[in-house]
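Next come the chains, spelled out residue by residue.
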Amino acid sequence: MNLIGLDAAALERFFAEHDEKPFRARQVLHWIHQRGETDFARMSDLAKALREKLATVARIDAPVIVGDTTAEDGTRKWLLKVDDANAVEAVFIPEVNRGTLCVSSQAGCVLDCAFCSTGKQGFNRNLSTAEIIGQLWLANRLLEGERPVSNVVMMGMGEPLLNLDNVIAALRLMLDDNAYGLSRRRVTVSTSGVIPGMDQLRDECPVALAVSLHAPNDELRDRLVPVNRKYPLRALIAACNRYLERAPRDFVTFEYVMLEGVNDSDQHARELLGIAARVRCKFNLIPFNPFPRSEFRRSEGERIRRFAEILQRGGLTVTTRKTRGDDIAAACGQLAGDVADRTRRSALYRLKEVRA
Ligand code: SAH
Ligand code: SF4
């Protein structure tokens, strides 16, 4: 059993099954997640017999680092091997008063948003809880300083709400005072709008929520974010409002990727005000980050400023995300890892390119 992926409740069950006291869970959480210990022999407050037993029935394993790159602006990207066929990426973004880790939840993604490199890789599998929390465990070990990661965003590869059980167990570890002790407001799940997952997250482990909106109407959103055909805007907004009843913040963050000539006109901005009137929200504009073979262009700076201004004049809080780490393909939407595509989408994608 790999103990790194067990949250407090699962670890207590593990000890119960081995006829041990439940409070051992708390001790072991400390050792694994706060002290970064992987060797049971060094867990000095456990009885020697227990340490020896653990060494035979359990292990503490994080994903293996196969790439480690630092961008000019200090953004750091790790490529993590999760099995013989797949590797995923995690990105650390240092800022003045905080350090944010961007965590992956799946090897690839089935949802195939038009502008996303991960989507173009196809999909292989869900990450386990151990593989998800292992990214935070590794970052804390590899980075300088005490508790270098102050914020976590589930914005790496994959759609977290399509791997919700494993994601929720990982979130619980992030929040647990015996493990990482992050506040709910400092942990953000980003979704392209998987409504049943939003409701489950709200009921089981509400954290800050970001929703990838990217279009102000169903016609355009159907094209850019195909999951919209299943969960259209009206239902998405209702789900956001349900989520807010339990959320740690009183707004959702709408992410909006700025694609030149596609979703960035004044008219689109005005349409967005109509959506914003129906749910408490803030906007985060993301300049599109290109990747090999991407078919979109980034809106120009002046266009983004004008777009933001219309939203602001309409009374909204708007931020424009600073592009970080794009020289090492670590920026939003550029994470591709190394995914053994089982949807055969990457082959189709190459074919399309040949025909074009
Ligand atoms: N699957 C989740 C979380 C991962 S993506 C989701 O879609 O929300 C994190 C954010 O990056 C999302 O808002 C996503 O739409 C955005 N994104 C994807 N590709 C991008 C690109 N090429 N440039 C800029 N942002 C992108
Ligand atoms: Fe998947 Fe998110 Fe990329 Fe869409 S933007 S393909 S949901 S990872």
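Please refer to the structure placed before this passage.
Just so it is clear, the model here is predicted, and its values are computed rather than measured. (Residues numbered from 1 in each chain as written. Chains lettered and ligands numbered in written order. Predicted model: local features only at pLDDT ≥ 70, side-chain atom pairs only at ≥ 80, totals over all residues. Heavy atoms only, no water.)

Asker: Sorry, what's going on with the overall build of the protein chain here?
Answerer: What the protein chain contains, in helices and strands, is twelve helices and twelve strands. Its C-alpha atoms give the protein chain a radius of gyration of 21 Å, within 12% of the compact-globule value 21 Å for 356 residues. The principal-axis extents of the C-alpha atoms in the protein chain amount to approximately 70 × 45 × 40 Å. Taking the contacts inside the protein chain whose residues are at least 6 apart along the sequence as the reference set, 67% of them involve residues at least 24 apart. Just so you have it, the protein chain exposes about 16000 Å², and 47% of that area is on carbon and sulfur atoms. (Helix = DSSP H or I, 4+ residues; strand = E, 2+ residues; numbered from the N terminus. Rg over C-alpha atoms; globule rule 2.2 N^0.38 Å. Contact = heavy atoms within 4.5 Å. Areas by Shrake-Rupley, 256 points an atom, 1.4 Å probe, with all protein chains shown as cover.)

Asker: Explanation requested: the nonpolar core in the structure shown.
Answerer: Across soluble globular proteins, you tend to see nonpolar side chains buried next to one another. By size, the foremost hydrophobic cluster in this structure holds 118 residues, and its most contacted members are Leu3, Phe115, Leu171, Met174, Phe254 and Phe283. Here the element with the most residues in this core is helix H6 (residues 164-175); it accounts for eight residues. In this structure, this core is formed jointly by two domains, domain 1 (3-57) and domain 2 (64-355), each of which donates at least three residues. Among residues more than four places away in sequence, those in contact with Phe115 are His214, Leu224, Val225, Val257, Leu259, Phe288, Phe291 and Phe296. (Core = buried A, V, L, I, M, F, W, Y, C linked by side-chain atoms within 4.5 Å. Buried < 20%, exposed > 50% of the residue type's maximum accessible area, 1.4 Å probe, protein only. Domains from an automatic or database assignment.)

Asker: Just checking my understanding: could you explain the site of ligand 1 for this structure?
Answerer: Lining the immediate environment of ligand 1, one finds 20 residues, of which Phe115, Ser190, Ser212, His214 and Asn289 sit closest. Phe115 places a polar main-chain atom, nitrogen or oxygen, 2.8 Å from a nitrogen atom of ligand 1. A distance of 3.4 Å separates a nitrogen atom of ligand 1 from a polar side-chain atom of Glu159. For ligand 1, whose free accessible area comes to 530 Å², the fraction covered by protein is 95%. Elements with a minimum of two residues in the shell around ligand 1: strand E8 (187-191), strand E10 (252-258) and strand E11 (281-287). Tallied by class, the residues present in the shell around ligand 1 amount to nine nonpolar, nine polar and two charged. (Near = heavy atom within 4 Å. Polar contact = N/O pair within 3.5 Å; in protein donor to acceptor, adjacent residues only side chain to side chain. Nonpolar A, V, L, I, M, F, W, Y, C, P; charged D, E, K, R; others polar.)

Asker: Quick question: what am I supposed to make of the packing of aromatic side chains here?
Answerer: Any aromatic ring pair is given by two values, namely how distant the centres are and how the planes are angled relative to each other. This structure, assessed with the given rule, holds five aromatic pairs. On the numbers, 5.3 Å between centres and 80 degrees between planes, the contact of Phe14 with Phe15 is edge-to-face. Look at Phe288 and Phe296: their rings are 6.1 Å apart centre to centre, the planes differ by 75 degrees, and that puts the pair in the edge-to-face class. Residue Phe288 shares its accessibility class with Phe296, and that shared class is buried. Each member of the aromatic cluster is reached from another via a ring pair, and the members are Phe288, Phe291 and Phe296. If you follow Lys282 out to its NZ or CZ, it ends over the ring of Phe251, 4.1 Å from the centre. (Phe/Tyr/Trp six-rings, centres within 6.5 Å; stacked < 30°, edge-to-face > 60°. Lys NZ or Arg CZ within 6 Å of the ring centre and 35° of its normal.)

Scope: geometric values only; no functional claims are made or implied.
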